[in-house]
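Chain by chain, the residues:
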Amino acid sequence: MARKRLSVVVTRRLPEAVEKRMAELFDVELNENDVPMTREALADAMRRVDVLVPTLTDQIDQGLLAQAGDNLKLVANYGAGVDHIDVQTARQRGILVSNTPGVSADDTADMAMAMIIAVTRKLPEGIRKMAQGEWKGWAPTASLGRRIAGKRLGILGMGRIGQAVARRANAFGMQVHYHNRKQLHPDIEAEHKATYWESLDQMVSRVDVLSINCPHTPSTFHLMNARRLKLMKPEAVIINTSRGEVIDENALTRMLRAGEIGGVGLDVFEHGHEVNPRLRELDNAVLLPHMGSATVEGRIEMGEKVIINIKTFDDGHRPPDLVVPGML
C-alpha cells in the first residue's frame, strides 16, 4: 500500500519550479493570490496539516502554536531568519523547525556593497537629476561623494553574510573591522584582513561605514540605539540588510535630518513594510523594499532546501537544517 503523502501548506507564492516539485512530492496547498495569510487562516492551516512552510511575514507565535493540530510536526521556514517563529514553544509541543541557511549570503552581501557605493557616491541624487532633467552639465563641485578605498568598514555580525561583505570590501580597498558575539579564528580573520573589536561602542566610533549583518534577537533589539548612534562620526554611513529592529529607527531618522549621520542605506525597516515617512523625504537615505536576497537563483535554492528538509523528515530522519533554541 502506498504511503500517505504529507499535507503541506505554503503561505506565499514560491518560484514556479519549487512549487511544481513540491506538488510532485507532497499534498500541497499553495497561496494562489500571494496575499499574506491572516492569523485565522494560519491557525486553520496549522490545525489541519503535517507541515507548514511560512515566510518572514508570518508570525508563528505561542498563541498560534497552541492551536496547532496533533498532525503538525514540522515548520519548514522559507528563509534563514527565524525570529518570527517561537522556536522554544514549537519544540515543547513536539514541532520541529527548519530553515534555509547559507543560501542568500552572497546575494545579500552584493546588495550591502551596492548600497555602500550608492550612499557614499550619491547615486540616487544623480539618478534623480537625470530623471527630472535637472542636469545642466558637468561641474567640478557637483554631486561630490566620498571614495571608499582606504575607509574603515565596521561589520556588526561576522557570520556568513558578514564575511561575504568583508570579502567584497577587501576587493574595494576598505579596511575591515568587526564586532561579533565571539571572535573568529585567527585564520578566518587573516583571510578577511579583519580586526576584531570586543567593544561595539569603540568600533562604531571609529568606522566610516557600518554594515549591520546580525540577526534580530532580544539581545540585538535596538542594539544601535540613540546613545550608540551618537558615538558615530557625523559623516559616517550605516547600511542595514539584516533586520530593521536592530536600529532605533526614530533616533536614526532624527540624526539624519539633523546632519549628525552622513547617510544610510536600508533594505529592512523596524516596522516591516511601514516605512517612517520622514525617512522617505531624506536625500541621504537609500531605501529598498527588502531586496537583499531577491535573486532568481537564490529563491530557487531556498525552495530546494525547504523541499530537502521536508523530504528528509518524511523519510524519518532529522531535517539537515533543523533549528534548535541553542542556535538562536
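Here the residue index of a chain counts from 1 through its sequence in written order. Per-residue local features are limited, in this predicted model, to residues with pLDDT of at least 70; the limit for side-chain atom pairs, both in listing and counting, is 80 or more; totals at the level of whole chains, interfaces and linings are taken over all residues. Hydrogens and waters are ignored; side-chain quantities use all the structure's heavy atoms.

**Student:** How would you sum up the packing of helix 5 (residues 105-120) against helix 7 (residues 160-171)? Please name residues and give values.
**Tutor:** Helix axes are fitted only over the stretch in contact, all axes being lines through C-alpha atoms; the angle between N-to-C directions runs from 0 to 180 degrees. Numbering goes from the N terminus for both helices and strands, where a helix is a DSSP run of H or I of at least four residues and a strand is a run of E of at least two. Remark: helix 5 packs on helix 7, axes separated minimally by 8 Å, with the N-to-C direction vectors making an angle of 50 degrees. On the basis of the axis angle, helix 5 is oblique to helix 7. You can see that helix 5 and helix 7 cross each other, and the crossing is right-handed. On helix 7, the residues that touch A105, D106, T108, A109, D110, A112 and M113 of helix 5 are R160, I161, A164, V165, R167, R168 and A169. Its residues assigned to classes, the contact of helix 5 with helix 7 shows 8 nonpolar, 1 polar and 5 charged. The cut-offs work like this: below 35 degrees is roughly parallel, past 145 is roughly antiparallel, 65 to 115 is roughly perpendicular, and the gaps in between are oblique. Each crossing gets its handedness from the near helix: less than a right angle anticlockwise from the far helix is left-handed, clockwise is right-handed. The contact criterion used throughout is that any non-hydrogen atoms of two residues lie within 4.5 Å. As a working rule, the residues Ala, Val, Leu, Ile, Met, Phe, Trp, Tyr, Cys and Pro are called nonpolar, Asp, Glu, Lys and Arg charged, and the rest polar, with Gly in that last group.

**Student:** Describe the sheet that holds strand 10 (residues 237-240), naming the residues involved and giving the relevant values.
**Tutor:** Here, a strand pair is defined by DSSP locating no fewer than two bridges between the strands. One open sheet holds the 7 strands; their spatial order is 8-7-6-9-10-11-12, and the pairing between them is parallel. Two strands close off the open sheet at either side, each with one partner strand: strand 8 (194-196) and strand 12 (285-287). Neighbour-to-neighbour, the strand axes of this sheet turn through a mean angle of 20 degrees, independent of strand direction. Looking at chain direction, strand 6 (residues 152-156) and strand 7 (residues 175-179) are connected through 5 bridges and run parallel.

**Student:** Tell me about helix 11 (residues 249-257), residues and numbers included.
**Tutor:** Type-normalised accessible area, obtained with a 1.4 Å probe on protein chains alone, sets the label of each residue: buried when under 20%, exposed when over 50%, and partly exposed for intermediate values. Among all positions of helix 11, only E249, A251, L252, T253, M255 and L256 are buried. On its buried face, helix 11 is in contact with helix 10 (226-229), strand 10, strand 11 (263-266) and helix 12 (277-280).

**Student:** I'd love a proper account of the pairing of strand 1 (residues 7-10), names of residues and values included.
**Tutor:** The side-chain alternation of strand 1 yields two buried faces, one formed by S7 and V9 and the other by V8 and V10. Crossover handedness is defined here as right-handed if the route from the first strand over the helix to the second strand goes clockwise, with the strands pointing away from the viewer. Each parallel crossover has a hand, and for strand 1 linked through helix 1 (residues 16-25) to strand 2 (residues 27-29) it is right-handed.

**Student:** Describe a nonpolar patch on the surface, with residues and values.
**Tutor:** Within this analysis, patches are made of residues with over 30% relative accessible area and no salt bridge. Like charges are joined at 9 Å or less; nonpolar side chains (Val, Leu, Ile, Met, Phe, Trp, Tyr) at 5 Å or less. Residue burial considers only the protein chains on display, and all accessible areas are found by Shrake-Rupley using a 1.4 Å probe. When a carboxyl oxygen of Asp or Glu lies within 4 Å of a side-chain nitrogen of Lys or Arg, that pair is called a salt bridge. Taken together, M130, W135 and W138 make up a surface patch of nonpolar side chains, about 470 Å² in accessible area. Tracing the backbone shows W135 in the loop between helix 6 (123-131) and strand 6.

**Student:** So, the sheet that holds strand 4 (residues 74-76): which residues are in play, and what are the values?
**Tutor:** Across the sheet, which stays open at both edges, the 5 strands sit in the order 2-1-3-4-5 with parallel pairing between neighbours. Only two strands of the sheet have a single partner each, and these edge strands are strand 2 and strand 5 (96-98). Strand after strand, the sheet turns through a mean of 20 degrees between neighbouring axes, direction not considered. As judged from the 3 bridges shared by strand 1 and strand 2, these two strands associate in the parallel manner. Paired with V8 across the two strands is V28, which belongs to strand 2.

**Student:** How would you summarise the pattern of salt bridges if you had to cite specific residues and measurements?
**Tutor:** Throughout the structure, instances matching the rule amount to 19 salt bridges. R48 serves as the salt-bridge partner of E29, at 2.8 Å between the closest nitrogen and oxygen. Residue E29 is found in strand 2, and its partner R48 is found in helix 2 (residues 39-48); the two are separated by 19 residues along the sequence. In this structure, the salt-bridge partner of D201 is R228, at a minimum N-O distance of 2.6 Å. Note that D201 is positioned in helix 9 (residues 200-204) and R228 in helix 10, a separation of 27 residues in sequence. Note on D201: relative accessible area 23%, which makes it partly exposed. Each of D106, D110, R167 and R168 takes part in one network of salt bridges that share partners.

**Student:** Explain empty space enclosed by the protein to me, and be specific about the residues and the numbers.
**Tutor:** Grid points spaced at 1 Å over the protein atoms alone were grouped into cavities, where a 1.4 Å probe fits but cannot get out, and pockets, open sets with protein on both sides within 12 Å along at least five of seven lines, with lining residues defined by an atom within 4 Å of a point. Grid points are joined across faces, edges and corners, and a volume is the space filled by probe spheres set on the points. By the definition in use, this model includes 1 cavity of 30 Å³ or more. Residue lining of the largest cavity: N240, G244, I247, E249, L252, L266, V268 and F269, and that is the complete set. Along the lines of polarity and charge, the residues of the lining of the largest cavity split into 5 nonpolar, 2 polar and 1 charged.

**Student:** Can you tell me about helix 2, naming the residues and giving the values?
**Tutor:** Regarding helix 2, the residues found buried are L42, A43, A45 and M46. Buried residues of helix 2 fall within an arc of 165 degrees about the axis and therefore sit on the same side. Think of the arc as the fan of directions from the helix axis to the C-beta atoms.

**Student:** Before we move on, can you summarise the layout of surface pockets with the specific residues and values?
**Tutor:** Reported here for the second largest pocket is a volume of approximately 420 Å³. Around the second largest pocket, the lining comprises 24 residues; the ones closest to its centre are V119, T120, K122, V237 and G262. Looking at the lining of the second largest pocket, the elements with two or more residues in it are helix 5, helix 6 and strand 12. If you tally residues by element for the lining of the second largest pocket, the top one is helix 6, at 4 residues. Across the lining of the second largest pocket, the residue classes tally to 10 nonpolar, 5 polar and 9 charged.

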